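Read off the chains here:
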Amino acid sequence: MPASSAASAVLAGLDGIRAEQEELYRSVHQHPELSHQEHRTAAAVTDVLQKAGFQVETEVGGTGVVGVLTNGDGPSVLLRADMDALPVREETGLPYASTATSGDVAVMHACGHDVHVACLLGAARLFAAARDAWSGTLTVLFQPAEETGDGARGMIDDGLAKMVPGVDVALAQHVMAFPAGRVGTHPGPVLSAADSMRITVHGRGAHGSMPQAAVDPVVLAAMIVVRLQTVVAREVPPTETAVLTVGSIQAGTKSNVIPDSAQLQLNLRTYNDSTRETMLGAIRRIVTAECQASGSPREPEFELFDRFPLTDNDTATTQRVATAFTEFFGDHAEAIEQQSASEDFSDIPRALGVPYTYWCIGGIDPDVYRRAQEAGRVTQDIPVNHSATFAPVLQPTLTTGTQALVVAALAWLAR
Ligand code: ZN
Ligand code: ZN
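Before going into details, it helps to say that this report is about the structure given with it.

## Notes on helix α8 (residues 273-294)
Taking 1.5 Å per residue, 22 residues should reach 32 Å; α8 reaches 32 Å between its end C-alpha atoms and fits that length. Turning to α8, its buried residues are Thr275, Arg276, Met279, Leu280, Ala282, Ile283, Ile286, Val287, Glu290 and Cys291. One face of α8 carries all of its buried residues, which in axial projection span an arc of 160°. Exposed residues on α8 whose side chains face more than 90 degrees from its buried face are Glu277 and Gln292. Those residues of α8 that are buried lie in contact with β10 (193-202), α7 (217-235), β12 (242-251), β14 (261-270) and β15 (301-308). Near the N-terminus of α8, the side chain that reaches the backbone nitrogen of Ser274, with its oxygen 2.8 Å away, is that of Asn272. Gly295, located one to two residues past α8, shows a positive phi value of around 75°.

## Digging into the sheet that holds β14
Backbone hydrogen bonds are what pair the strands of a sheet, in a parallel or an antiparallel way. Across the sheet, four strands lie side by side as β12-β14-β10-β15; this open sheet has antiparallel pairing. Lying at the two open borders of the sheet, with one neighbouring strand each, are β12 and β15. If you compare each strand with its neighbour and ignore which way they point, the axes differ by 15° on average. Where β10 and β15 come together, six bridges link them in antiparallel fashion. The partner of Thr200 across the bridge, within β15, is Glu301. Seen against the sheet, α7 touches β10, β12 and β14 and runs at an angle of roughly 175° to β12.

## What to know about the coordination of the zinc ion (ligand 1)
Each donor-metal-donor angle would ideally measure 109.5 degrees in four-coordinate tetrahedral geometry, or 90 or 180 degrees in six-coordinate octahedral geometry. Around the zinc ion (ligand 1), the protein contributes the donor atoms Cys111 (SG), Glu147 (OE), Glu147 (OE) and His386 (NE2), which lie 2.0 to 2.7 Å from the metal centre. When the donors of the zinc ion (ligand 1) are listed by position in the chain, the intervening gaps give C-x35-E-x238-H. Between the zinc ion (ligand 1) and the zinc ion (ligand 2), a spacing of 3.1 Å is present, and a bridge between the two is formed by Cys111. Of this pair, Glu147 sits in the loop between β6 (136-143) and α5 (151-157) while His386 sits in the loop between α12 (378-381) and α13 (394-413), and the two are 239 residues apart along the sequence. Judged by relative accessible area, Glu147 falls into the buried class, the value being 17%. A residue is classified by how much of its surface remains accessible, and His386, at 40% relative accessible area, is partly exposed.

## A closer look at the coordination of the zinc ion (ligand 2)
Listed as protein donors to the zinc ion (ligand 2) are Cys111 (SG), His113 (NE2) and His174 (NE2); their distances from the metal cover 2.1 to 2.3 Å. The sequence motif formed by the donor residues of the zinc ion (ligand 2) is C-x1-H-x60-H. His174 sits in the buried class, given a relative accessible area of 5%.

## Quick look at the sheet that holds strand β18 (residues 356-364)
Judged by pairing direction, the sheet is mixed, and its eight strands sit side by side in the order β1-β2-β6-β3-β7-β18-β8-β17 without closing on themselves. Looking at strand neighbours, the two that pair on one side only are β1 (55-60) and β17 (333-335), the edges of this open sheet. Across this sheet, the average inter-strand angle for adjacent strands is 25°, counted without regard to direction. Looking at chain direction, strand β8 (residues 183-185) and β17 are connected through three bridges and run parallel. Note on β17: the bridge partner recorded for Val183 is Ala333. Each of β7 (169-179) and β18 touches helix α11 (residues 366-374); the most contacted strand, β7, lies at about 55° to it.

The rules we used
- The numbering scheme is per chain: residues are counted from 1 as the chain's sequence reads.
- Chains carry letters and ligands carry numbers; both start at the beginning, A for chains and 1 for ligands, and go up in the order they are written.
- With the structure being a predicted model, the display of local features is reserved for residues of pLDDT at least 70 and the display and counting of side-chain atom pairs for 80 or more, all residues being used for whole-chain, interface and lining totals.
- In computing side-chain values, all of the structure's heavy atoms are included and hydrogens and water are not.
- A run of DSSP states H or I qualifies as a helix once it reaches four residues; a run of E qualifies as a strand once it reaches two. Both are numbered from the N-terminal end.
- For a helix, the expected span equals 1.5 Å multiplied by the residue count minus one.
- A 1.4 Å probe rolled over the protein chains alone gives each residue an accessible area, and that area as a share of the maximum for its type sets the label: buried under 20%, exposed over 50%, partly exposed in between.
- Throughout, the arc means the angular range of directions from the helix axis out to the C-beta atoms.
- Contacts were defined at the residue level, with two residues in contact if any of their heavy atoms lie within 4.5 Å.
- Whenever a nitrogen or oxygen atom comes within 3.5 Å of another N or O atom, the pair is scored as a polar contact, on the condition that within protein one atom can donate a hydrogen and the other can accept it, and that pairs from neighbouring residues in sequence are kept only if both atoms are in side chains.
- Pairing between strands requires that DSSP locate at least two bridges from one strand to the other.
- Only the contacting stretch of a helix is used when fitting its axis, a line to C-alpha atoms as for every element, and angles between N-to-C directions run 0 to 180 degrees.
- A donor here means an N, O or S atom no more than 2.8 Å from the metal, or no more than 3.2 Å when the metal is Na, K or Ca. Since water is not included, a site may seem to lack partners.

Dropping the structure here:
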């Protein structure tokens, strides 16, 4: 069976599950859970997968869920969705808006991971109900804690590779602020790697009137900030894109006290592992040398946190998915630009040693988007991910996201 007729066969069941899929979406949206706390969501996922006949592993890396459906010989495809929400107070005005809190923090599915969960569960049910149309193994992976960048790694550390032997390819998608009904692919680096770094530099405190008795960490930190501006300008090739931001600098309490240390917080974005290593090395070198230049009494301390890997779509894999999308979606399939956001999905295929691709689906009402575009007000009027007013339109977003997962997986699994 060619992939297109396999897609028709698998997607034939979509009308029959649509109402339940929308209901599940609204329920997940109304009950968002912060990173590592996705218990209710994981239970809902487990329930659907078990009923559909998947072999299910729960509590993988905390709240992660893995479902495996074996259907004869053939390739093995892994589809991934993330499940966590954000500490954002929802202001969408939707009838199913979240009023959930965690402690005294309001919680919202402001990144659309509820869309990812609903679409992947829909696709899982469709594959389970249409086993004649495909052959191979389908793994559906529901990951916790994407927003904190450590959910994928948690599942890997908990033995994910042993639960999903023989995976050939890993696929994932994200809903974004472009017109619903559209899908976008991009070969090569599509999302940046991100690193945050906390640096503590040491001086020697003294009275503000006696600088000769001090090693002033404020001046030292200021020198470091200025010198760090040369990293992207002078050490990264002009053909590369990179960002180095010093987002925080803290020292001292009072005008006439020279403090004994200063702390800087940096954020880095890179699209290339070698650029990332170049920048991390340059930062250490500059900070260490500036400390030495100031006569700092102790070595500086470096701490990396909130690290996200580079999402670097495999070219052949992306081409295979893009071809399947064009065949199915026609001119609603498009090529998209590199995005500046970051994701931890690629930790999974990297740990399994398999190629991957990560695509985007639109989530904005096409009419609303067109009007904003005509008025030249897309940036002002269309809420983006992580904003309190980010509200993916239910349809065609859920249908498109489900179709995209099915069509992409069938590029390997079609009988
Ligand atoms: Zn996000
Ligand atoms: Zn997200």
